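# A structural walkthrough
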Amino acid sequence: MLDYAAFPEQRQDRIRQILQQQGRVVCAELAKQMKVSEHTIRRDLQELSKEGNCKKVYGGAVLQLADAGTFISREQQNHAKKEQIAQKAATLVKAGSCLFMDTGTTNLALARALPADLALTVVTNSPAIAAELLRHPLCEVIITGGQIQRASGGTVDSTATRQIQGMIFDQAFIGGCAMDPEMGLTGFDFADCAFKKAVIAQSNQTLVALTTDKIPGVARFVVATCSDIDVLVVEADLDSDVIAAFAAQEVRIVSA
């Protein structure tokens with residue numbers, strides 16, 4: 001067995017590997033596994049956080065995800081998983097309601113998954129989602145104005161923010177780049193995250209649908225704490241410990 005106390009580079013490589021596999025590490029567990037002090041592990045995590053590999057949290061660290069690119073480049077990633085999650089999320093939509101559907105490729109799959117006979121009003125900042133919803137004859141579609149941001153695929157500027165501040169949503173499906181039980185929902189673009197916060201403030205129920213490669217993990221900017229999220233729709237294979245951690249934060253987990 002490798003003497004991790006004598007080989008700090010190998011020790012940090014192992015921590016990177018665990019972060020990639022599990023999304024989160026705990027100082028006490030790493031110290032026991034590698035037969036070093038918790039102080040040594042904390043120093044390692046400090047170095048890894050400087051490299052951008054993780055974000056230090058109480059008692060350990062969580063994986064810091066890489067930016068996944070533009071809306072167009074993300075659309076075909078994990079396509080089957082997004083469709084599966086979208087089908088489950090669609091069952092949570094309330095008939096006759098007014099909901100906000102945030103830009104994002106999983107929410108685009110949700111728009112496609114909505115039953116054709118479902119009557120409701122949908123507000124969106126995504127031209128792609130708006131175009132998809134026009135296929136639903138009983139769906140009233142409202143799209144926010146402003147400049148379309150290539151990275152997110154939606155309008156997130158002051159024009160769009162002013163518009164949604166005059167609306168009240170029964171439900172809001174919010175997109176995100178990463179989610180963690182301790183750090184909450186996070187994203188990579190500041191303006192996009194600020195817009196999402198404004199939408200959440202106008203909504204009676206906030207729902208997030210994410211693939212498991214984004215959980216647990218963190219991006220650069222906080223969108224919402226777990227206390228602001230009512231429902232998390234995820235794949236059925238999400239780790240049971242992570243599910244329990246979200247449940248402890250009173251987030252309802254719906255598995256697809």
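Presented here is a report on the structure given in the accompanying data block. As the structure is a computational prediction, the values presented were derived from the model and not from experiment.

Let's shift gears to the sheet that holds strand β4 (residues 98-101). Sheets are built from strands that pair by backbone hydrogen bonding, the pairs being arranged parallel or antiparallel. One open sheet accounts for 7 strands, arranged β6-β5-β4-β9-β12-β14-β15; its pairing is parallel. The outermost strands of the open sheet, each flanked by one partner alone, are β6 (139-143) and β15 (252-255). On average, adjacent strands in this sheet sit at an angle of 20° to one another, irrespective of strand direction. Pairing of strand β5 (residues 120-124) with β6, which is carried by 5 bridges, proceeds in the parallel orientation. Note that in β6 the partner of Leu120 across the bridge is Cys139.

Next up on the list: the pattern of salt bridges. Applying the stated criterion to the full structure yields 12 salt bridges. Arg11 is paired through a salt bridge with Asp44; the nearest N and O atoms lie 2.4 Å apart. Of this pair, Arg11 sits in helix α1 (residues 8-22) while Asp44 sits in helix α3 (residues 38-50); the two residues are 33 residues apart in sequence, bridging distant segments of the chain. Each member of the pair, Arg11 as well as Asp44, is classed as buried. The salt bridge partner of Asp180 is Arg24, with a shortest N-O separation of 2.5 Å.

Let us look at α3. Taking 1.5 Å of rise per residue, 13 residues should cover 18 Å, and α3 covers 18 Å from first to last C-alpha, within 8% of that figure. Along α3, the positions that sit buried rather than exposed are Thr40, Ile41, Asp44, Leu45 and Leu48. Buried positions in α3, seen along its axis, are confined to an arc of 140° and lie on one side of it. Where α3 is buried, its residues contact α1, β1 (24-26), α2 (27-34), β2 (54-57) and β3 (60-63).

With that settled, consider the side chain of Glu235. Within the element layout of this structure, Glu235 appears in the loop between β14 (231-234) and α10 (240-248). Separated by 2.8 Å, the side chain of Glu235 and the backbone nitrogen of Thr212 make a polar contact. Here Glu235 is in contact with Lys81, Ile85, Leu210, Thr211, Thr212 and Ala256, once residues within four sequence places are set aside.

On to the environment of Asn107, then. Its place among the elements puts Asn107 in helix α6 (residues 105-113). Setting aside chain neighbours within four positions, we find Asn107 in contact with Met101, Asp102, Ile129, Phe173, Ile174 and Gly175. One polar contact links the side chain of Asn107 to the main-chain carbonyl oxygen of Asp102, over a distance of 2.9 Å.

The next subject is the sheet that holds β1. Taking strand neighbours across the sheet as the criterion, the 3 strands line up as β1-β3-β2 in an open arrangement whose pairing is antiparallel. Two strands in the sheet have a free side with no partner beyond their single neighbour: β1 and β2. Going from strand to strand, the sheet's axes swing by 20° on average, the running direction of each strand aside. Strands β1 and β3 of the sheet are contacted by α2, whose axis makes an angle of about 70° with β1. Set on the sheet, α3 makes contact with β1, β2 and β3; between it and β2 the angle comes to about 140°.

The next point concerns the pairing of β3. Across 3 bridges, the pairing between β1 and β3 is antiparallel. Paired with Arg24 across the bridge in β3 is Val62. Bridge count between β2 and β3: 4 bridges; the pairing is antiparallel. From the neighbouring strand, Val57 faces β3, where its bridge partner is Gly60.

Between helix α5 (residues 79-90) and α6, whose axes approach to 8 Å, the crossing angle comes to 55°. Considered as vectors, α5 and α6 are oriented oblique to each other. Seen along the crossing, α5 lies across α6 with a hand that is right-handed. Two secondary-structure elements touch here, α5 through His79, Lys82, Glu83, Ile85, Ala86, Gln87, Ala89 and Ala90 and α6 through Thr105, Thr106, Ala109, Leu110, Arg112 and Ala113. In the contact of α5 with α6, the residues fall into 7 nonpolar, 4 polar and 3 charged.

Another point: the pairing of β4. Alignment of β4 against β5, held across 4 bridges, turns out to be parallel. Across the sheet, Cys98 pairs through a bridge with Thr121, a residue of β5. Note that the unit made of β4, α6 and β5 has a crossover that is right-handed. Two elements, β4 and strand β9 (residues 171-173), share 3 bridges in a ladder whose sense is parallel. The residue bridging Leu99 from the neighbouring strand is Gln171, located in β9.

Criteria and thresholds
Residues numbered from 1 in each chain as written. Predicted model: local features only at pLDDT ≥ 70, side-chain atom pairs only at ≥ 80, totals over all residues. Heavy atoms only, no water. Pairing = 2+ DSSP bridges. Helix = DSSP H or I, 4+ residues; strand = E, 2+ residues; numbered from the N terminus. Axes fitted to C-alpha atoms, helices over the stretch in contact; angles between N-to-C directions. Salt bridge = Lys/Arg side-chain N within 4 Å of Asp/Glu carboxyl O. Buried < 20%, exposed > 50% of the residue type's maximum accessible area, 1.4 Å probe, protein only. Expected span 1.5 Å × (residues − 1). Arc of directions from axis to C-beta. Contact = heavy atoms within 4.5 Å. Polar contact = N/O pair within 3.5 Å; in protein donor to acceptor, adjacent residues only side chain to side chain. Parallel < 35°, antiparallel > 145°, perpendicular 65-115°, else oblique. Left-handed = near helix turned anticlockwise from the far one by under 90°. Nonpolar A, V, L, I, M, F, W, Y, C, P; charged D, E, K, R; others polar. Right-handed = clockwise from strand over helix to strand, strands pointing away.

Bear in mind that shape data such as this cannot, by itself, settle questions of function.
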